[in-house]
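The residues making up each chain are set out below.
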Amino acid sequence: MSVATAITDLKERVGESFVAVSEMGGTLPESRTTRTLPGAIRSITPKPNVKEVSFFGCGEVTSIDLRKPVICEVTGTKDVLSFFGGCSKLTALTLPAGFGSNATDVSGCFNGCMRLTALTLPAGFGSNATDVSGCFNGCSKLTALTLPAGFGSNATDVSGCFNGCSKLTSLTLPAGFGVKAQTLAKCFFQNFDLGNLTLPDGFGSVATNVSGCFSGCYYGLTALTLPDGFGSVATNVADCFMACWRLTSLTLPDGFGSVATNVADCFNGCKELTALTLPDGFGTKATKITRLFYGCSKLTALTLPDGFGGRAITTDYCFVGCSKLTDISGAPTFRRSFTLADSPLLTHDSLMVIINGLIKSTSKNTLTLGATNLAKLSDEEKKVATDKGWTLA
């Protein structure tokens, strides 16, 4: 189909309610049923009264100007999920007042808009949406984002909302964002440079899944204080802070991880943390604590809550790479083999915290301490472990 024929076809279907200009070329889709503007149109300025049109997959479009009262149905009740999804060359976007204000689904709205550098959303955008998942997914060059009041305040799914916004350095979430969310999985995944993050009260307080929420905030995030209730009802907190390489201060609220069955990799790669206190209940119901502190190479002091690890059947690499770990306090319990050989600086008292917490075993379990740590224990102290059926190595 030629460009001219395609434009005539589109005008017939939307009542000549748009104008497509500049650099039109390439082959346009044959389908007469599609309501998505074709990707070969590179700059679009719709006119009033457009009906049910989106820009999903317009991979060649570089500029879109939606002026009031354009796309009346969208600004009224229509959902805007994936509305600009796949507009990978879009650099300029002007949105009209009311856009997305009544939409219940804004998931993936700007998904893959990898060349947008700044975006200002109109008042009300996303305020009634129950799904904002992946809304800005893959906006990898976005450096400035202004969120309106109420955005995400009714959303039950905010997973991956800012996933891959790797150039964002600062983000203030409006009051109510994430308060009703059931899942926050990978909400800020791979926000490499995000250094200033303001979380509202109640964020994550009813979420059952916070896995990977801050995972991959490699460079910018150095300090994080989580609001009360975050992760307190989550059954999955795996990877939550994984690869937050420069995080030096982390304040966890009461109840975080207390009902979680999976805490694997939660702090994996937090290599600048020097001290960590886990709240009461953390890890007491977890069956997986795999690689929990893996690579926390500067961690010197660790406070574990009573009963930590007692149900874990997967403990592989839990403390591997904790080369400066000196003090372990609390009353943890362990039922499966694990190693502390990477932590030769552990004090005698820390080793006894671990040995006293070993659960009597009827299977073959091994606590690998390494020669340096074993030399700190008397034969009687070693016997505490062997009498419980454990092998020391």
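Data block above holds the structure.
Now, about the packing of helix 3 (residues 348-356) against helix 5 (residues 379-386): what can you tell me, with residues and values included?
Contact pair helix 3 / helix 5: the axes reach a minimum separation of 9 Å and the direction vectors enclose 25 degrees. It follows from the interaxial angle that helix 3 and helix 5 lie roughly parallel. Remark: the crossing between helix 3 and helix 5 carries left-handed chirality. Judged by residue contacts, His348, Met352, Ile355 and Asn356 of helix 3 engage Glu381, Val384 and Ala385 from helix 5. Residues that form the contact of helix 3 with helix 5 fall into these classes: four nonpolar, two polar and one charged.

Describe the sheet that holds strand 15 (residues 365-368), and please don't skip the residues or the numbers.
The sheet built from three strands is open, its strands ordered 14-15-16 with parallel pairing. Two strands lie at the open edges of the sheet, namely strand 14 (338-339) and strand 16 (390-392), each paired on one side alone. Sheet topology note: the strand 14/strand 15 ladder contains two bridges and is parallel. When the sheet's bridge partners are listed, Thr339 is paired in strand 15 with Thr368.

Go over helix 3, please, and point to the residues and values.
All buried positions along helix 3 are accounted for by Ser350, Leu351, Met352, Val353, Ile354 and Ile355. Against the buried residues of helix 3 lie strand 13 (327-330), strand 14, strand 15, helix 4 (370-374) and helix 5.

Account for the pairing of strand 12 (residues 301-304), with residues named and values stated.
Burial of strand 12 is one-sided: the residues Leu302 and Leu304 facing one way are buried, the residues Ala301 and Thr303 facing the other way are not. The sheet contact formed by strand 11 (residues 275-277) and strand 12 spans three bridges and is parallel. Note on strand 12: the bridge partner recorded for Leu276 is Leu302. Pairing geometry for strand 12 and strand 13, over four bridges, is parallel. Note that in strand 13 the partner of Thr303 across the bridge is Ser329.

Now, about the side chain of Ser258: what can you tell me, with residues and values included?
In this fold, Ser258 is placed in the loop between strand 10 (249-251) and strand 11. Residue Ser258 is classed as buried on the basis of its relative accessible area of 17%. Within the local environment of Ser258, its side chain forms a polar contact with the backbone oxygen of Gly255, the two atoms lying 2.8 Å apart. The contacts of Ser258, once residues within four sequence positions are left out, are Ser232, Asp280, Gly281, Phe282, Thr284 and Lys285.

Kindly report on a negative patch on the surface, identifying the contributing residues and their values.
A contiguous patch of negative charge on the surface is contributed by Asp201, Asp228, Asp254, Asp280 and Asp306. With respect to the secondary-structure elements, Asp280 resides in the loop between strand 11 and strand 12.

How would you summarise the pattern of salt bridges if you had to cite specific residues and measurements?
Tallied over the full model, the rule gives three salt bridges. Between Lys298 and Glu272 there is a salt bridge; the shortest N-O distance is 3.1 Å. Remark: Glu272 occurs in the loop between strand 10 and strand 11 and Lys298 occurs in the loop between strand 11 and strand 12; sequence separation between them is 26 residues. Accessibility expressed as a relative area gives 34% for Lys298, which makes it partly exposed. Assessed through its relative accessible area of 26%, Glu272 is described here as partly exposed.

Break down unusual backbone geometry for me, with residues and values.
One non-glycine residue, Asp239, lies in positive phi territory at about 60 degrees. For Asp239, the location among the structural elements is in the loop between strand 9 (223-225) and strand 10. The backbone of Arg291 sits at a positive phi, close to 55 degrees, despite the residue not being glycine. By the secondary structure assignment, Arg291 is in the loop between strand 11 and strand 12. Judged by its relative accessible area of 31%, Arg291 is partly exposed.

Residue-level account of the sheet that holds strand 13, with values.
Pairing is parallel across the open sheet formed by three strands, whose spatial order is 11-12-13. On the outer flanks of this sheet lie strand 11 and strand 13, each paired with one strand and no other. Direction aside, the axes of adjacent strands within the sheet are offset by 15 degrees on average.

I'd like a description of the environment of Lys186, backed by residues and values.
By the element assignment, Lys186 lies in the loop between strand 7 (170-172) and strand 8 (196-198). Distance in space between the C-alpha atoms of Lys186 and Cys213 is 4.2 Å, their sequence separation being 27 residues.

Talk me through the packing of aromatic side chains; I want residue IDs and the actual numbers.
As enumerated under the stated definition, the model contains 38 aromatic pairs in all. Ring geometry for Phe241 versus Phe256: centroids 5.9 Å apart, planes at 50 degrees, classification tilted. Residue Phe241 is found in the loop between strand 9 and strand 10, and its partner Phe256 is found in the loop between strand 10 and strand 11; the two are separated by 15 residues along the sequence. Residue classification places Phe241 among the buried positions, given a relative accessible area of 0%. What makes Phe256 buried here is its relative accessible area of 0%. Consider the rings of Phe267 and Phe293, whose centres lie 5.9 Å apart with planes at 5 degrees: the pair is stacked. You can see Phe267 sitting in the loop between strand 10 and strand 11 and its partner Phe293 sitting in the loop between strand 11 and strand 12, a full 26 residues away along the chain.

Kindly report on the side chain of Ser350, identifying the contributing residues and their values.
With respect to the secondary-structure elements, Ser350 resides in helix 3. On the basis of relative accessibility, which here comes to 3%, the residue Ser350 falls in the buried class. There is a polar contact of 2.9 Å between the side chain of Ser350 and the backbone nitrogen of Ile328. Polar side-chain contacts of Ser350 include one of 2.8 Å to the side chain of Thr347. With residues near it in sequence (within four places) discarded, Ser350 still touches Thr326, Asp327 and Ile328.

About the criteria used
Residues numbered from 1 in each chain as written. Predicted model: local features only at pLDDT ≥ 70, side-chain atom pairs only at ≥ 80, totals over all residues. Heavy atoms only, no water. Axes fitted to C-alpha atoms, helices over the stretch in contact; angles between N-to-C directions. Helix = DSSP H or I, 4+ residues; strand = E, 2+ residues; numbered from the N terminus. Parallel < 35°, antiparallel > 145°, perpendicular 65-115°, else oblique. Left-handed = near helix turned anticlockwise from the far one by under 90°. Contact = heavy atoms within 4.5 Å. Nonpolar A, V, L, I, M, F, W, Y, C, P; charged D, E, K, R; others polar. Pairing = 2+ DSSP bridges. Buried < 20%, exposed > 50% of the residue type's maximum accessible area, 1.4 Å probe, protein only. Polar contact = N/O pair within 3.5 Å; in protein donor to acceptor, adjacent residues only side chain to side chain. Patch = residues over 30% accessible without salt bridge, like charges linked within 9 Å, V, L, I, M, F, W, Y side chains within 5 Å. Areas by Shrake-Rupley, 256 points an atom, 1.4 Å probe, with all protein chains shown as cover. Salt bridge = Lys/Arg side-chain N within 4 Å of Asp/Glu carboxyl O. Lys, Arg positive; Asp, Glu negative; His and termini not counted. Charge placed at Lys NZ, Arg CZ, Asp CG, Glu CD. Phe/Tyr/Trp six-rings, centres within 6.5 Å; stacked < 30°, edge-to-face > 60°.

These figures come from the coordinates and say nothing about function on their own.
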